[in-house]
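Chains, contacts and geometry: an overview
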Amino acid sequence: DAFLLKDTFGFPFDLTLLIASEKGLKVDEEGYNAELKIQKERSQADAKKSYGDWIELSKADGVESLAYDHLSVKDAKVVKHRTVELVEKKKKVLQYQLVLDKTPFYAESGGQVGDKGMLRIDGEEIRVLNTQKENELIVHYVNKLPESFEGDVYAEVNATRRSLTENNHSATHLLHAALRSVLGEHVEQRGSFLDDKVLRFDFSHHQAMTQEEILQVEEIVNQRIRQNFPLQEDRSIPIAEAQAAGAMMLFGEKYGDTVRMITFDPSFSRELCGGTHVPFTGKIGYFKIKTESSIGSGIRRVEALTANGAEAYLKKELGELQSVRDLFKNSKGLTDKITKLQDENKALKKEVEKLLAMQAQALKGSLKSQFKSKDGVNLLTARLPLSDSNAIKTLAYELEREQGDCLIVLGAEVKGKPQLTVVVSESLTGDRGLHAGKMVKALAQHIRGGGGGQAFFATAGGSDVTGLDKALAAVEELV
């Protein structure tokens, strides 16, 4: 919200901080800076584009958008075109753009991606790679310019891709209403991204959704899908009329005097929207939430699937579940069997920890006899046959406590990797200036690794187990 106030309305960020502070509110500065970084990167990317002049072929009062009613048109005309030069990985790439006097292609807007498809001019086929809006123009990004601009243009949208995108877009409207029903009316849309494969919906909420809440939302959305509500579309109605009808309006969105209102069951979902939608909710097929996560302070994100995507996801999940059942050679009582295995695993881990502790205690007696005096320091260096970091740490601390005024450096192979542990008595960190963190960094060079820590305790890991003995041998010289 703070970034929106600055970027869209020019309201200074420091004033937002000041007013929020006066009202006892906090501002998500980290989120603000993240949005600022994204904007800068976008600006830098745009700076790498070199736009050619529009070549105007004919005058047109405006572009007639047929995206809501048609997937193809037979008699369009090219109004203008241009070439854009991009620099990608230090190479120049040419991009071509066309504007038609009328088009069935939907231009990217409101989180919904632009259409792809095909143009045919005098028998020549040209692929439409994307459709964007620029001022009042609908711009078709194409793979090449036609040899002739004179003939009629047959423009056809990729119907399958559009259909799947519409499923996802209409599903976000049902999702929005369901979230408000389950979590509360404080929930508001904070962004979205929709194409034929992805449904991503951001919304305001103060905490993670519980599994029960997620299932509730899914159930509500799927109920509305099965009820097969028809699309009710009100085009170019006065904004006051839409407000009176209770349409959801998004904070920060700029609305004109007339708006387009999309309704799926007047008592459930009614929003202002410029995107394309399914004629009946039943076409969405099925709705499944994949993930729910945080993307910033007070902002949550749901990623979901519909239709083909939801079906493929459920097939994969059920396949994995069947594989687990096959491993147990019995499909009954699977949860109980897994719980029993987890309990057995915990018990075995505790037994292993006890054995490691006993092994470390057995080592302690022989290690105590290996201390020697080096320049007034009680020094112990040893390579241990232990493979548990916690056991090594506990052993080192016990040896230091029992010996006193000492420096202990232990080496071991843990999970196939070399590890060094350094413990320095507190008295030596002050009087002698020994520092475990600095020492372990120097020793870690021998095992091709790195590490650090405090003055009295530090560890390091590496990639070369053969260097452990060199590291231990270097301790005396380091002292």
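It should be emphasised that the depicted structure is a prediction, and the values quoted were computed from it without experimental measurement. (Residues numbered from 1 in each chain as written. Predicted model: local features only at pLDDT ≥ 70, side-chain atom pairs only at ≥ 80, totals over all residues. Heavy atoms only, no water.)

1. Considerations on the overall build of the protein chain
When you go through the protein chain residue by residue, the secondary structure sums to 13 helices and 24 strands. Taken over the C-alpha atoms alone, the protein chain extends approximately 95 × 60 × 55 Å along its principal axes. Contacts in the protein chain between residues far apart in sequence, at least 24 positions, make up 61% of those at least 6 positions apart. Here the protein chain displays about 26,800 Å² of accessible surface, and carbon together with sulfur accounts for 48% of that area. Computed over 65 positive and 71 negative side-chain charges, the separation of the two mean positions in the protein chain equals 6 Å. (Helix = DSSP H or I, 4+ residues; strand = E, 2+ residues; numbered from the N terminus. Contact = heavy atoms within 4.5 Å. Areas by Shrake-Rupley, 256 points an atom, 1.4 Å probe, with all protein chains shown as cover. Lys, Arg positive; Asp, Glu negative; His and termini not counted. Charge placed at Lys NZ, Arg CZ, Asp CG, Glu CD.)

2. Focus on the sheet that holds strand β12 (residues 189-194)
Within the open sheet, the 4 strands sit side by side as β12-β13-β18-β17. Their pairing is antiparallel. Of all strands in the sheet, those bounded by a partner on one side alone are β12 and β17 (287-296). Between one strand and the next, the sheet's axes are offset by a mean angle of 20°, whatever the strand orientation. Pairing analysis gives 6 bridges linking strand β13 (residues 199-204) to strand β18 (residues 299-306), with the strands arranged antiparallel. Each residue of the ladder has a partner; that of Arg-200, found in β18, is Glu-303. Each of β12, β13, β17 and β18 is contacted by helix α4 (residues 159-183), which is oriented at about 30° to β13, the strand it contacts most. (Pairing = 2+ DSSP bridges. Axes fitted to C-alpha atoms, helices over the stretch in contact; angles between N-to-C directions.)

3. Quick notes on the side chain of Thr-103
Within the secondary structure, Thr-103 is located in strand β7 (residues 102-103). A distance of 2.8 Å separates a polar atom in the side chain of Thr-103 from a polar atom in the side chain of His-140. Setting aside its immediate chain neighbours within four residues, Thr-103 contacts Val-63, Glu-64, Ser-65, Leu-66, Ala-67, Ile-138 and His-140. (Polar contact = N/O pair within 3.5 Å; in protein donor to acceptor, adjacent residues only side chain to side chain.)

4. Considering the packing of helix α8 (residues 334-368) against helix α9 (residues 389-403)
Close contact between α8 and α9 brings their axes to 10 Å; oriented N to C, the two are set at 35°. Pair α8 / α9 crosses with right-handed handedness. Contacts from Leu-356, Ala-360, Gln-361, Lys-364, Leu-367 and Lys-368 of α8 reach α9 at Ala-391, Leu-395, Glu-398, Leu-399 and Glu-402. Split by residue class, the contact of α8 with α9 holds 6 nonpolar, 1 polar and 4 charged. (Left-handed = near helix turned anticlockwise from the far one by under 90°. Nonpolar A, V, L, I, M, F, W, Y, C, P; charged D, E, K, R; others polar.)

5. Quick look at the pairing of strand β24 (residues 457-461)
In this sheet, β24 lies alongside strand β22 (residues 417-424) in antiparallel orientation, the contact comprising 5 bridges. If you follow Leu-420 over to β24, its bridge partner there is Ala-460. What sits between the antiparallel neighbours strand β23 (residues 450-453) and β24 is a turn of 3 residues.

6. Concerning the nonpolar core
Of all hydrophobic cores here, the largest spans 29 residues; its most connected members are Leu-175, Leu-179, Leu-199, Phe-203, Val-217 and Phe-287. Where this core is concerned, the elements lending two or more residues are α4, β13, α5 (211-226), β15 (258-264), β17 and β18. No other element matches α4, which puts 8 residues into this core. Setting aside residues no more than four positions away along its own chain, Val-217 makes contact with Leu-175, Ala-178, Leu-179, Val-182, Met-209 and Ile-289. By size, the runner-up hydrophobic cluster in this structure holds 23 residues, among which are Val-424, Ala-458, Leu-468 and Val-475. (Core = buried A, V, L, I, M, F, W, Y, C linked by side-chain atoms within 4.5 Å. Buried < 20%, exposed > 50% of the residue type's maximum accessible area, 1.4 Å probe, protein only.)

7. What to know about the packing of helix α7 (residues 307-328) against α8
The description of two packed helices rests on the angle between their axes and on the distance between the axes. As a packed pair, α7 and α8 sit with axes 11 Å apart at the nearest point and diverge in direction by 70°. In terms of their interaxial angle, α7 and α8 are classed as roughly perpendicular. As for the relative orientation of α7 and α8, their crossing is left-handed in sense. Of the residues in α8, those in contact with Leu-321, Val-324, Arg-325 and Phe-328 of α7 are Leu-334, Lys-337, Ile-338 and Leu-341. Grouping the amino acids of the contact of α7 with α8 by side-chain chemistry returns 6 nonpolar, no polar and 2 charged. (Parallel < 35°, antiparallel > 145°, perpendicular 65-115°, else oblique.)

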